[in-house]
Amino acid sequence: MFNSKKLPLYLALAAALPLAGCGGGGGDSASTSDLTPTPTAEPTVAPSIAPSVEPSLEPSVEPSVAPSVTPTLAPTEEPVVALTSRMIKGEIDLSESSTAPTAVELIALDATGNQVDKQSFEVTENNNVLGFTRKVSLPAQAGQLVVNVSQTGFTSYSKTFDFETGTEFDADIRASLEAVAQVRVPKGNAIARSGKQLETFSFSVRKGPQGRRLVLDGNGPIPKNVGEEEIRIDIPAASLPANTTELAGRIANYDPSSATEAEAFPGAYRDSEGNTLVSVAFSFAEIRDQDGNDLPTALANARKAGEVFPRAVTPPTIIKRAIPAGSCSALEQLKDANLEKAGFQIPVYTYNPNAGDWDLLGYGDVFNAATDAAVPETQQVFDCPTDSYYLEVEVTNDDFNRDWWNLDYPLLFDEPVKLCANVKVQNENGDLVRGSHVFFSDNDGRSFAEHYTTTDANGVAKISTTLLDPNENDREGVLRYWGYLDKTYLRTPVTLSSDESCGEVQVLTVKRPDICTVTGKISRENGGQLNDFLRYVYAFPTDPQAFYEQYSFAQAETSGEFYMEVSCELEYEFYSISDSLSNTSERLFNVNGVVADTELSDANKAVKLKDITLGNSAPSGMITASEGAVENVFFDFDGDFPLTYQFDVLDLESNVVTSRSGTVEASGENQGISGSANISLDLSPGFYTIKGTVTDSLGKEGRVSGIVHKE
């Protein structure tokens, strides 16, 4: 690890590059509450981070740490951790519309980093809402919750939420995923800094004229009017399986000196040793071969087939990452991070999504972009943006098993200057806002380490940070927080203190209504099982002006019990997916202390609704055909498969030309509500219509329809 005699504070150069593949609007808060019974926890798991030092290459990656992805079981004789059940709610915002499933992981860790619960599931957009609610077993005392959200075609979201008392934990999870175009690159020739020509698969990222980052073939032509190269990845062809014809990559870069971009930083600002990190630059990188495999998998398959890639002769992959101008002050304050090697080095980390922190991969060398000369370890001034710099690091393709890479300095001062502030978030009526996510950064440079946290049961968030330069007198920063009814993130100045008390509590007032709760239970009229699709329930305000700002949603438990947070004294209509399919009459409620017809109770800012029975919706089928290929899809939103269908094919004179019948099983897609059959039609050229019926396993009948054009 780092030599503490060399430097009091290591600047964690968070150029986090995700090198491995990862797999709307809505309610005003992430609801959490103690619910019973407490779920049985999975076996306690302890993440294992085991470094292994290997010979360094030029430029060096020393030490090379083998990232550990699979946690190891903790000894059974360890004390049993007391657990509490909490309802975790999150909303997911995609920068571009997508109907593909989104993967969610909720990983609960105790104070020692052992895993006590893990919930993995997929969600899809329902009723224009993309989000989740899920019960998780948390440590009753101190611990962490790691939240991972990913979808193919987007950067992933990951945050680590620390808490002192799990029984009172709340987190207003708002996961933003940025769409990243995939670029396929063929084999080409790259010129190394040494002048040597190499056969590589290369990726390059530059900013376009409108400021949008473009992922390009690093060996291809450079488009006009683009900026300087932000990152370049050269993967030697000789380091890949012989049958590799092309590589596909999604890459996104982030500047941590930008408060907006810094919010994408994954996990916690700490490494696996517990050191606080300061990010210099971080990146997401997902690279696949022509068959869709990540590079470690492609290499493993090749090794099984007999190919060998001896480290001594296999050329390394070289990553070149520009250092953002706003991070140059961090280099001045934290200096060279590896006194045992000539030149100026910055640590490089990869993100462990199972533990929610960062593993040291090695060190990269810093170069002057204008001259390609190595920066000396004695350099103290980095005059950016007049001068510009980049970091170069060598890695193996087996290191591409993580999504995020980061250039970070760990803060290892002998006498660090710790600063803090207490911030209370409340609404305009003075009601406290629990679980509100706040993000702290400097407002005029990089004097402090960034920090994020959530408000506790008293609506208070403690901001904790460290000065990058212990002699610095700066105490002013900026806090970004969600504005709720403003539907955007807002900024406010915050003053730090070195006192143990953290100074006077600074109050943030947000536009957010008083929050009440509604609970109840849904069931099916036939007693059937509630599938994932049917368990989504919604509360929509009847006031059109509040409809998009104050609606709420939840996914009921498999038992049918649900919990939602809604605005107090506002009339809502309870709604389920089943209601739109079975013409159920409206169910109105208002948490106002007056028991309505649909309510069992209404007191203490909480409504309990009468049990709700969902009607059995009719299945449906659609048949289309073109060029002789028959496409079909059958739906049953209740999931009552198998379905039985029968339909006639009619010509333009309504004569029956042919008929088909059969059964349909549910597919593994669309939450088990759809399926297709193997249907063939031998028709003469012309136009035809489809008419028929489809019946679910409970006897509910629906229609089969469609239009067929045979040329």
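Residues numbered from 1 in each chain as written. Predicted model: local features only at pLDDT ≥ 70, side-chain atom pairs only at ≥ 80, totals over all residues. Heavy atoms only, no water.

**Student:** What am I meant to see in the overall build of the protein here?
**Tutor:** Helix and strand counts for the protein come out as 5 helices and 45 strands. A total of 711 residues make up the protein; the buried ones form 54% of that total. Looking at the protein as shown, the accessible area adds up to about 30100 Å², and 47% of this sits on carbon and sulfur atoms. (Helix = DSSP H or I, 4+ residues; strand = E, 2+ residues; numbered from the N terminus. Buried < 20%, exposed > 50% of the residue type's maximum accessible area, 1.4 Å probe, protein only. Areas by Shrake-Rupley, 256 points an atom, 1.4 Å probe, with all protein chains shown as cover.)

**Student:** I keep staring at the side chain of aspartate 172 and nothing clicks. Help me out?
**Tutor:** Mapped onto the secondary structure, aspartate 172 falls in the loop between β9 (157–163) and β10 (173–177). Overall, aspartate 172 belongs to the buried group, its relative accessible area being 4%. Of note is the side chain of aspartate 172, whose polar atom sits 2.9 Å from the side chain of tyrosine 484. (Polar contact = N/O pair within 3.5 Å; in protein donor to acceptor, adjacent residues only side chain to side chain.)

**Student:** Could you clarify how one ought to interpret the sheet that holds strand β26 (residues 460–466) in this entry?
**Tutor:** In any sheet, the strands associate via hydrogen bonds between backbone groups, in a parallel or an antiparallel arrangement. Here we have 3 strands laid out as an open sheet, ordered β26-β23-β29, and mixed in their pairing. One side of each edge strand has no neighbouring strand; the edge strands of this open sheet are β26 and β29 (506–510). Sheet twist, expressed as the average angle between the axes of neighbouring strands with direction ignored, equals 30°. Pairing geometry for strand β23 (residues 418–427) and β26, over 7 bridges, is antiparallel. From the neighbouring strand, asparagine 422 faces β26, where its bridge partner is lysine 462. (Pairing = 2+ DSSP bridges. Axes fitted to C-alpha atoms, helices over the stretch in contact; angles between N-to-C directions.)

**Student:** Explain the nonpolar core to me, please; I cannot follow it from the model alone.
**Tutor:** Generally speaking, nonpolar side chains in soluble globular proteins are found buried as a group. Formed by 46 residues in total, the largest nonpolar core has its most connected members in Ile233, Leu247 and Ile346. By residue number, the principal contributor to this core is strand β17 (residues 277–289), which donates 5 residues. Of all hydrophobic cores here, the second largest spans 36 residues; its members include Ile92, Phe169, Tyr538 and Ile577. (Core = buried A, V, L, I, M, F, W, Y, C linked by side-chain atoms within 4.5 Å.)

**Student:** Can you help me understand unusual backbone geometry in this one?
**Tutor:** With an omega dihedral of 5°, the bond running from cysteine 384 to proline 385 counts as a cis peptide bond. Note that proline 385 resides in the loop between β20 (357–368) and β21 (389–395). In the segment running from phenylalanine 641 into proline 642, the intervening peptide bond is cis, with an omega of 5°. Its location among the elements puts proline 642 in the loop between β40 (629–635) and β41 (643–650).

**Student:** Is there a simple way to explain the state of the cysteines in this structure?
**Tutor:** In a disulfide, the sulfur atoms of two cysteines are held together by a covalent bond. Taken as a whole and judged by the stated rule, the model has 3 disulfides. Sulfur-sulfur distance for the disulfide between cysteine 328 and cysteine 384 comes to 2.0 Å. The disulfide joining cysteine 328 to cysteine 384 has a torsion of about -65° about its S-S bond and is therefore left-handed. Linking cysteine 328 in helix α3 (residues 328–334) with cysteine 384 in the loop between β20 and β21, this pair joins segments that are 56 residues apart in sequence. Here cysteine 328 and cysteine 384 have matching classes, each one buried. Here cysteine 420 pairs with cysteine 502 through a disulfide, and the sulfurs are 2.1 Å apart. With the S-S dihedral at roughly -105°, the linkage between cysteine 420 and cysteine 502 falls on the left-handed side. Here cysteine 420, found in strand β23, pairs with cysteine 502, found in the loop between β28 (489–495) and β29; they are 82 residues apart in sequence, far enough to count as distant. Taken individually, cysteine 420 and cysteine 502 each receive the classification buried, so the pair is uniform in this respect. (Disulfide = S-S within 2.5 Å.)

**Student:** Can you walk me through the packing of aromatic side chains in this structure?
**Tutor:** Each aromatic ring pair is characterised by the separation of its centres together with the angle its planes make. In the structure shown here, the tally under the stated rule is 30 aromatic pairs. Considering the side-chain rings of tyrosine 538 and tyrosine 575, the 6.2 Å spacing of their centres and the 55° angle between planes classify their relative orientation as tilted. Of the two residues, tyrosine 538 sits in strand β31 (residues 536–541) while tyrosine 575 sits in strand β34 (residues 572–576), which places them 37 residues apart along the sequence. For tyrosine 538, a relative accessible area of 0% puts it in the buried group. For tyrosine 575, a relative accessible area of 18% corresponds to the buried category. Grouped by ring-pair contacts, the aromatic residues Phe161, Phe163, Phe169, Tyr254, Phe265, Tyr269, Phe282, Phe284, Tyr351, Trp358, Trp404 and Tyr452 constitute a single cluster. A cation over a ring is seen here: lysine 159 above tyrosine 452, with NZ or CZ 4.6 Å from the ring centre. A cation sits over an aromatic face here: lysine 320 above tyrosine 390, 4.4 Å from the ring centre. (Phe/Tyr/Trp six-rings, centres within 6.5 Å; stacked < 30°, edge-to-face > 60°. Lys NZ or Arg CZ within 6 Å of the ring centre and 35° of its normal.)

**Student:** Can you walk me through the pattern of salt bridges in this structure?
**Tutor:** Between side chains of opposite charge, pairing is possible as soon as their charged atoms come close. Summed over all chains, the structure comprises 22 salt bridges. Residues arginine 86 and aspartate 170 are paired through a salt bridge, measuring 3.8 Å at the closest nitrogen-oxygen approach. Taken as a pair, arginine 86 in strand β4 (residues 83–94) and aspartate 170 in the loop between β9 and β10 lie far apart in primary sequence, 84 residues in all. On the basis of relative accessibility, which here comes to 2%, the residue arginine 86 falls in the buried class. Among the ionic pairs, arginine 212 bridges to glutamate 96, the shortest N-O distance being 3.9 Å. Taken together, the residues span a long stretch of sequence, with arginine 212 in the loop between β13 (197–207) and β14 (213–217) and glutamate 96 in the loop between β4 and β5 (102–110) at a distance of 116 residues. For arginine 212, a relative accessible area of 56% corresponds to the exposed category. A single network of salt bridges, built from pairs that share partners, joins Arg86, Asp170 and Arg434. (Salt bridge = Lys/Arg side-chain N within 4 Å of Asp/Glu carboxyl O.)

**Student:** I keep staring at the environment of proline 470 and nothing clicks. Help me out?
**Tutor:** Along the chain, the position of proline 470 falls in the loop between β26 and β27 (476–482). Take proline 470: its relative accessible area is 33%, and that puts it in the partly exposed class.

**Student:** What is the right way to read the sheet that holds β27 from this model?
**Tutor:** Ordered in space as β25-β24-β27-β28, the 4 strands form an open sheet in which the pairing is antiparallel. At either end of the open sheet lies a strand with only one pairing partner, and these are β25 (451–454) and β28. Across the sheet, the mean angle separating the axes of adjacent strands is 25° when strand polarity is ignored. Two strands pair when backbone bridges link them, and β27 and β28 are joined in this way by 7 bridges, in the antiparallel orientation. Residue glutamate 476 lies in a different strand from β28, and its bridge partner there is threonine 495.

**Student:** Teacher, can you tell me more about a nonpolar patch on the surface here?
**Tutor:** On the surface, Leu652, Phe687 and Ile707 cluster together into a nonpolar patch covering about 350 Å² of accessible area. One can find isoleucine 707 in strand β45 (residues 701–710). Isoleucine 707 gets classed as exposed once you look at its relative accessible area, which sits at 57%. (Patch = residues over 30% accessible without salt bridge, like charges linked within 9 Å, V, L, I, M, F, W, Y side chains within 5 Å.)

**Student:** Sorry, what's going on with the pairing of β34 here?
**Tutor:** Moving residue by residue along a regular strand, the side chains alternate between the two faces of the sheet. Summarising burial for β34: 4 of the 5 residues are buried, a large majority. Examined bridge by bridge, β34 and strand β35 (residues 587–589) share 3 bridges and lie antiparallel to one another. By the bridge assignment, phenylalanine 574 is partnered in β35 with arginine 587.

**Student:** I'm lost on the environment of valine 664 in this one. Help?
**Tutor:** Here valine 664 is to be found in strand β42 (residues 656–664). Distance in space between the C-alpha atoms of valine 664 and phenylalanine 634 is 7.6 Å, their sequence separation being 30 residues. Ignoring any residue separated from it by four or fewer positions in sequence, one finds valine 664 in contact with Phe634, Phe641, Pro642, Leu643, Tyr645, Gly675, Ser676 and Ala677. (Contact = heavy atoms within 4.5 Å.)

**Student:** Hey, could you run me through the pairing of β14 in this one?
**Tutor:** One ladder, built from 5 bridges, connects β13 with β14; its direction is antiparallel. Considered in β14, the bridge of arginine 206 is made with leucine 214. Where β13 hands over to β14, the hairpin turn is made up of 5 residues, of which glycine 211 adopts a positive phi near 90°.

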